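# Summary of the model geometry
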Amino acid sequence: MYVTVATYSRNLDGDPARDELSRQNDELAALNETALALIDRLDLESVLEAIVVRAGALVGCPDGWISLREPDSETLVTRIGTGVFVDCVGDRVTRGEGIGGHVLASGEPVAVDDYRSWLGRSVANDALSLGAVAGVPLCAGSEVIGVLGLARAGTAQRFEAGELELLTRFGRLASLALENARLYAEAQRELEERRRAEEELRSALASLRRSDEELRLTREQMIRRLAHAAEFRDAETSRHVERMGRYAGLLARRLGLDDRRCELLKTASPLHDIGKIGISDSVLRKRGLLTEAERREMERHAEIGYRLLAESGSELLELAATIAWTHHERFDGTGYPRGLAGETIPLEGRIAAVADVFDALTSDRPYRPAFAPEEAVRIMLEGRGSHFDPKVLDAFLDALHEAQDGEQHETGTPSPGVLPVSDVGSPPRDTLTVAALRTAADEASRLLAAASHDRQAIDAALGRLRELVPELLVSVYAREHDRLWCVAQRGYDEVRDGYRLDQGIMGRAVRTGQVQLIADVSRDGDFIEAAPEILSELAIPFGDGLGVFNVETRRLELPPEAVGAFDRLARALGSKVAALGTGIRVDLGSLARLFVYAGSLKGEGEIAEFSTRTLGRLLDLDAAQLNLCRNDTGYVLASFWRGSDSDVEPLAPSRLDQIARLVDPTGAAYNILDLRSVHLESGPDEGWPWLLWLPLEVAGGRVGVLVGRSEKRLSVEPANVEAATLFAPHAAALIDAAQAIRREQRVAVTDSLTGLLNRRGFEQRFREEIKRAERAGRELGVVILDCDGLKAINDRGGHQLGDSVLVRIARCLKTQKRAGDIASRLGGDEFAVLLPEVNGDGAVLAAERLRRSIVAQVLEDGQLVTATFGVAVYPADGKTPGALLRAADQALYLAKAAGRNRTGVFGQPEPVG
């Protein structure tokens, strides 16, 4: 509503006082209405426009403008113009120039009756034929932040004093509205910055969690080759290291270790005898009993193996070093090389001892034939409690039927080192609970419904399923041209794609339209292995043959109720797939959507997996792989995709190096090669000779390479190749960004002096370990330590000497802790170590071992280094990180009071040592 108060009417009785009162009431009503209208607006541009329009309505002027002051300057810039000023947006005036400049200089309202004859005018407005012009300040506190101006063009009417006063009051209200809009805009910017920071943190954490996954294929190959280097002398012994890893992983799961720990143990165990590289052939291959001297030489392999693997900085190799050093220790303390006993032997060493001895007994050796499985079990039972940890041995004997299943699945023949199932019984397998499956499915369905982007919604739903039930491997496939193509997956290291409808359990589900629940996939002839150790599979078709939602499990069996638990989620996934469409096209819109989706992915692994899958489907390849460039190791495999009909294996890093030397000098965006026609050494790629090479480069530096493989000649459409060359640099930029975030996150949680976790990283891991201990119902040891007399050391030799002492202590922690223990520098001279699955006695033994190793450090001036320790244990001494640290700190304080260089135990009055 517009209110004009330019002229005022008298009452019929002609009373001037009543006329004035009526005028004031009209003004107040107009100002009140205007203020309410302005306060309701939060967008700055909307507020500015409303100020000009409302001000003009108050005095009957359609021609007006608002200029705002540039930060830290004496210049006004026109932001809004109405009437004759509509084309003046962006005009600039300085202090003292024109109406706006005079208001800025004086901080007071300014009005002129004839702008054209006014000496202070801005000549830029001469063409507007302005008459009377008025300007009032807009202020924040005492500072002028802008000017509101109005003009009467084409008329001789002036601005009356009352009108100028009204506009001044209105300017004060408008200033409040501007400040309100500014605060709102700042709040929005702050919220956006927080959201972006939280997103970057989530991305970095996800990248860290996936770092081991990204390197798994390469490191397993490295471990396998390294283990075979020690065992290559006869084929049966080489098979020993493979079985050793499988037995150790199986046994670790039976003992309740988490999935990540089990996989590490499975991968590291084959290196248990790597030290045999340093033992002479005459001893290793001798037939018959060894002499005492030969036996002592043979026993050296445990320490040789430890020295080869220790202090690598790799969690995997540190675990392998522990196994190599301790798998010949005996539970009663009579083993070698250090005579450890009971639980002072790391659990990994106790597991490896059982797996190693059983397979050695049931395998042929140069000095004797294999024992029958029944005899091997009898021999090992005689060593229960003396040679072997009873708990570990019992768990292994209970799991023999699973070991048999694994051996037969890989080789097609029964393992020589496993009892027949009938001899050991077949206890029922553990089953996933229906409640857990329903909860996970409900959570995934909620995420699916809340997300607006179909592909991201599917990814989020599958990710939530895996997060809540880690034993699940889940995927969604869509049908196109009578093949099943992967839309999204979680849990698989290698993605096979393009299944025919006559292949696999998924194909059968889509072909028949019937749900397929296979409790034991080893009994189904259609099962196609996409990951090791799969036990059950559930395939739920959706959308009248549109696609399938597939669920597989490791070790735990899917119950019949799983169908009902996942039914609603499967239908919702089908709706998203239908909206998404499945074809990969090369039109601009499709490529844009492809790039946007790729930009939503977080870690290197996700980006690499999506890139290989996209390239393979876009160009109809047999296989595709993405390798990242690492300065120390060259090309490292990050993702490998292949079609369902292909059995091609990834190109090795050395092969990629050969090809790179051949194609890099061309500087081309892509190369298509026939490997048979170029000068390369012979390799395992003769069956798939055609190769597409797409370098992944950012700012002149290479982050990796995307490689396509084909059995047939690569004669793809130019548009498809062009799309691939557009996609490759986008993927490279995303990988480069993910790597940068990962590096920043790694720096953020690492102490720069010692290389240990800093306090931030320690607190994060502490929370994770307590949750893990709570889930498994196990204990968690906490050890904190202070360096004794660091200030005196600094005073004696300067901070350089003090820093060297801290580095020495950190080195002791690294070498003495188990691979799964977590060491940190909390700050200053204070350190901490977390000991998963260690009770109070074990924590004290670990602390004392660390204390003695520190005392063995001698400084350059001949002085010894000592430290005082405090020990606490979850859950007896506390159930939160804060409570446990306080308990350990209290124990440390008591040990200091007793004379330092001791280990205090929470709840015990006397320290140890």
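What counts and what doesn't
- Residues numbered from 1 in each chain as written.
- Predicted model: local features only at pLDDT ≥ 70, side-chain atom pairs only at ≥ 80, totals over all residues.
- Heavy atoms only, no water.
- Core = buried A, V, L, I, M, F, W, Y, C linked by side-chain atoms within 4.5 Å.
- Buried < 20%, exposed > 50% of the residue type's maximum accessible area, 1.4 Å probe, protein only.
- Helix = DSSP H or I, 4+ residues; strand = E, 2+ residues; numbered from the N terminus.
- Contact = heavy atoms within 4.5 Å.
- Expected span 1.5 Å × (residues − 1).
- Polar contact = N/O pair within 3.5 Å; in protein donor to acceptor, adjacent residues only side chain to side chain.
- Pairing = 2+ DSSP bridges.
- Phe/Tyr/Trp six-rings, centres within 6.5 Å; stacked < 30°, edge-to-face > 60°.
- Lys NZ or Arg CZ within 6 Å of the ring centre and 35° of its normal.
- Axes fitted to C-alpha atoms, helices over the stretch in contact; angles between N-to-C directions.
- pLDDT = per-residue confidence, 0-100.
- Parallel < 35°, antiparallel > 145°, perpendicular 65-115°, else oblique.
- Left-handed = near helix turned anticlockwise from the far one by under 90°.
- Nonpolar A, V, L, I, M, F, W, Y, C, P; charged D, E, K, R; others polar.

## Focus: the nonpolar core
Leu484, Val548, Leu615, Leu626 and Leu696 are the most contacted members of the largest nonpolar core, which has 50 residues in total. Top element by residues in this core is helix 22 (residues 718-748). It accounts for nine residues. In this view, leucine 696 contacts Leu626, Gly701, Arg702, Val703, Gly704, Val705, Leu706, Ala728, Ala732 and Ile735; residues no more than four positions away in its chain are not counted. One finds Ile274, Ala321, Val354 and Leu361 within the second-largest nonpolar core, a separate group that totals 41 residues.

## Structural notes on helix 25 (residues 840-855)
Its 16 residues place the ends of helix 25 23 Å apart at the C-alpha level, agreeing with the 22 Å of an ideal helix rising 1.5 Å per residue. Taken together, the buried positions of helix 25 are Gly842, Ala843, Val844, Ala846, Ala847, Glu848, Leu850, Arg851, Ser853 and Ile854. As for helix 25, its buried residues are in contact with strand 19 (780-787), helix 24 (790-816), strand 21 (830-836), strand 22 (867-874) and strand 23 (903-905). The backbone nitrogen of aspartate 841 lies 3.3 Å from a side-chain oxygen of the residue at the head of helix 25, namely asparagine 839.

## A closer look at the pairing of strand 18 (residues 701-710)
Taken across its ten residues, strand 18 has eight buried, putting it largely inside the fold. Looking at chain direction, strand 14 (residues 623-630) and strand 18 are connected through six bridges and run antiparallel. Within strand 18, the residue paired with leucine 626 across the bridge is leucine 706. As paired elements, strand 17 (residues 690-698) and strand 18 share nine bridges and run antiparallel to each other. Across the sheet, leucine 691 pairs through a bridge with arginine 709, a residue of strand 18. Once strand 17 ends, the chain turns through two residues before running back antiparallel as strand 18, passing alanine 699 with a positive phi of about 50°.

## Things to note about the packing of aromatic side chains
Tallied over the full model, the rule gives eleven aromatic pairs. Note on phenylalanine 549 and phenylalanine 566: the rings are 5.9 Å apart at their centroids and 75° apart in plane angle, and the pair reads as edge-to-face. Within this pair, whereas phenylalanine 549 is found in strand 13 (residues 547-554), its partner phenylalanine 566 is found in helix 18 (residues 562-580), the two being separated by 17 residues in sequence. Note on accessibility: phenylalanine 549 and phenylalanine 566 belong to one class, buried. Linked through ring pairs, Tyr247, Phe358 and Phe396 together constitute an aromatic cluster. Positioned over the ring face of phenylalanine 159 is arginine 152, at 4.3 Å from the centre of the ring.

## Some details on the sheet that holds strand 21
Taken in spatial order, the five strands of this open sheet run 20-21-19-22-23, and their pairing is mixed. Two strands bound the open sheet, and with one partner strand each, they are strand 20 (822-827) and strand 23. Strand after strand, the sheet turns through a mean of 20° between neighbouring axes, direction not considered. In this sheet, strand 21 lies alongside strand 20 in antiparallel orientation, the contact comprising five bridges. By the bridge assignment for strand 21, isoleucine 822 is matched with leucine 834. Along the sheet face, helix 23 (residues 759-776) touches strand 19, strand 20, strand 21 and strand 22 and points at about 140° away from the line of strand 20. On top of the sheet, helix 25 reaches strand 19, strand 21, strand 22 and strand 23; it is set at about 160° to strand 22, its chief contact.

## Looking at the confidence of the model for the protein chain
Per-residue confidence for the protein chain averages 81 on the pLDDT scale, and 83% of its residues sit at or above 70. In this model residues 1-13 is a low-confidence stretch, pLDDT under 50, and it forms 26 contacts with partners more than four residues away in sequence or in other chains. Confidence drops under a pLDDT of 50 for residues 404-429, and excluding neighbours within four residues, the segment shows 48 contacts in the predicted structure.

## Observations regarding the pairing of strand 17
For strand 17, the buried fraction is high: seven of the nine residues fall into the buried class. Strand direction decides the pairing type here: strand 16 (residues 671-674) and strand 17, joined by four bridges, are antiparallel. Within strand 17, the residue paired with leucine 673 across the bridge is leucine 691.

## Some points on the sheet that holds strand 13
Across the sheet, which stays open at both edges, the six strands sit in the order 10-8-7-13-12-11 with antiparallel pairing between neighbours. Lying at the two open borders of the sheet, with one neighbouring strand each, are strand 10 (499-500) and strand 11 (516-518). Pairing between strand 8 (residues 483-490) and strand 10: two bridges, direction antiparallel. Bridge pairing in strand 10 places arginine 483 opposite arginine 500. Sheet strands in contact with helix 16 (residues 454-468) are strand 7 (472-480), strand 8 and strand 13, and its direction is about 60° off that of strand 8.

## Points about the packing of helix 10 (residues 347-361) against helix 12 (residues 390-398)
Here helix 10 crosses helix 12 at 50°, and the two axes come no closer than 10 Å. The orientation of helix 10 relative to helix 12 falls into the category oblique. For the pair helix 10 and helix 12, the crossing hand works out as right-handed. On the side of helix 10, the interface is formed by Leu347, Arg350, Ile351, Val354 and Phe358, while helix 12 contributes Val392, Leu393 and Phe396. Here the contact of helix 10 with helix 12 is composed, by residue class, of seven nonpolar, no polar and one charged.

## Considerations on helix 26 (residues 881-897)
Across its 17 residues, helix 26 extends 24 Å between first and last C-alpha, which sits within 8% of the 24 Å expected from 1.5 Å per residue. Buried within helix 26 we find Ala883, Leu884, Leu885, Ala887, Ala888, Ala891, Leu892 and Ala895. The secondary structure elements touched by the buried residues of helix 26 are helix 23, strand 19, strand 22 and strand 23. Positioned one or two residues after helix 26, glycine 899 has a phi angle of 125°, which is positive.

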